[in-house]
Amino acid sequence: MSLTIKNLTPRIATEIQADKGTLLGGAHAAQIREQLEQRGVLVFPKIHFTDDEQIAFTQTLGTFAPEMRGEKIYKVTLDTKVNQLADYLKGSLYWHIDGTMNAVPILASLLSSRVLAPSGGDTDFCNTYAAYDDLPDEDKRQIEKLRVMHSAWNTLFYYEPEPSIDTLRGMMAIGDRELPLVWTHRSGRKSLVIGATARHVVDMDFKKSVELLVRLRDWATQPQFVYRHKWSVGDLVIWDNTGTMHRATPYDPNSGRLLHRTKLEGEEAFA
Ligand SMILES: [Fe+2]
């Protein structure tokens, strides 16, 4: 069987209809990878993969990236009874790229929906390739050589403006990393590296730096670059973490909302 492919918006997100066997067989893996890079987000509506099927499908697309303690499935929930580190996920309500503390960020995440929140809990994605491409030439020239310090602890202040010193130090221990503002990929395509971990532009006046980072985030998250996924149970969504930012929209932490995530190992360092 072949894939039925439909673009969901002009600049980001494509829906792929196929049966489980077609996807798990791996024959279309190269085509799916190509679509992922070009379109940023792929939606497989109500495919209803089990955990084992989601793991197997992930493995057809690249190198499977396990969690820190070796688990293959990560449970995305704000419920601390299910995930003890759920507080950390409050940062996921703000636009970000995963893995900015690593030289080689993960290539992609796959999320499947198990339990919905009665309201809220959508996932937003924006295309950071398209956002870069559409910048005026003067902006491209201005930002071409800039470097940005990314800090996990910067996200703390989004959801906990007055953290205890212990909480702050715990987040600071995760690390910082200086990255290019414009990522020139091996393909030659360029994308913006911004989001909640972006603390400041290196060697720039702090106020100017904040203004620039906010302006670029505001630009990159305009409606024409954004796809909002409204989940149905059983949906699977993959996004290219190297060419998009993402965030969840707010929802009740006690709603039971639960997504299962797998990841693909990164194949390219920020450059
Ligand atoms: Fe994330």
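Residues numbered from 1 in each chain as written. Predicted model: local features only at pLDDT ≥ 70, side-chain atom pairs only at ≥ 80, totals over all residues. Heavy atoms only, no water.

Draft legend 1. Representation of the coordination of the iron ion in the model. Distances from the iron ion to its protein donors, His-96 (NE2), Asp-98 (OD) and His-246 (NE2), fall at 2.2 Å. Sequence spacing of the donor residues for the iron ion, all on one chain, is H-x1-D-x147-H. Asp-98 matches His-96 in its accessibility class, with the two residues each being buried. (Donors = N, O, S within 2.8 Å, 3.2 Å for Na, K, Ca; no water. Buried < 20%, exposed > 50% of the residue type's maximum accessible area, 1.4 Å probe, protein only.)

Draft legend 2. Inspection of unusual backbone geometry at higher detail. Positive phi, close to 85 degrees, is recorded for Ala-13, a residue that is not glycine. For Ala-13, the location among the structural elements is in the loop between strand 1 (4–7) and strand 2 (14–17). Ala-13 gets classed as buried once you look at its relative accessible area, which sits at 0%. At His-48, a residue that is not glycine, the phi angle is positive and equals roughly 55 degrees. Summarising the element assignment, His-48 is placed in the loop between strand 3 (41–44) and helix 3 (51–61). Overall, the relative accessible area of 42% leaves His-48 in the partly exposed class. (Helix = DSSP H or I, 4+ residues; strand = E, 2+ residues; numbered from the N terminus.)

Draft legend 3. Local environment of a nonpolar patch on the surface. On the surface, a nonpolar cluster with roughly 240 Å² of combined accessible area is contributed by Phe-206, Val-210 and Val-214. Summarising the element assignment, Val-214 is placed in helix 8 (residues 206–220). (Patch = residues over 30% accessible without salt bridge, like charges linked within 9 Å, V, L, I, M, F, W, Y side chains within 5 Å. Areas by Shrake-Rupley, 256 points an atom, 1.4 Å probe, with all protein chains shown as cover. Salt bridge = Lys/Arg side-chain N within 4 Å of Asp/Glu carboxyl O.)

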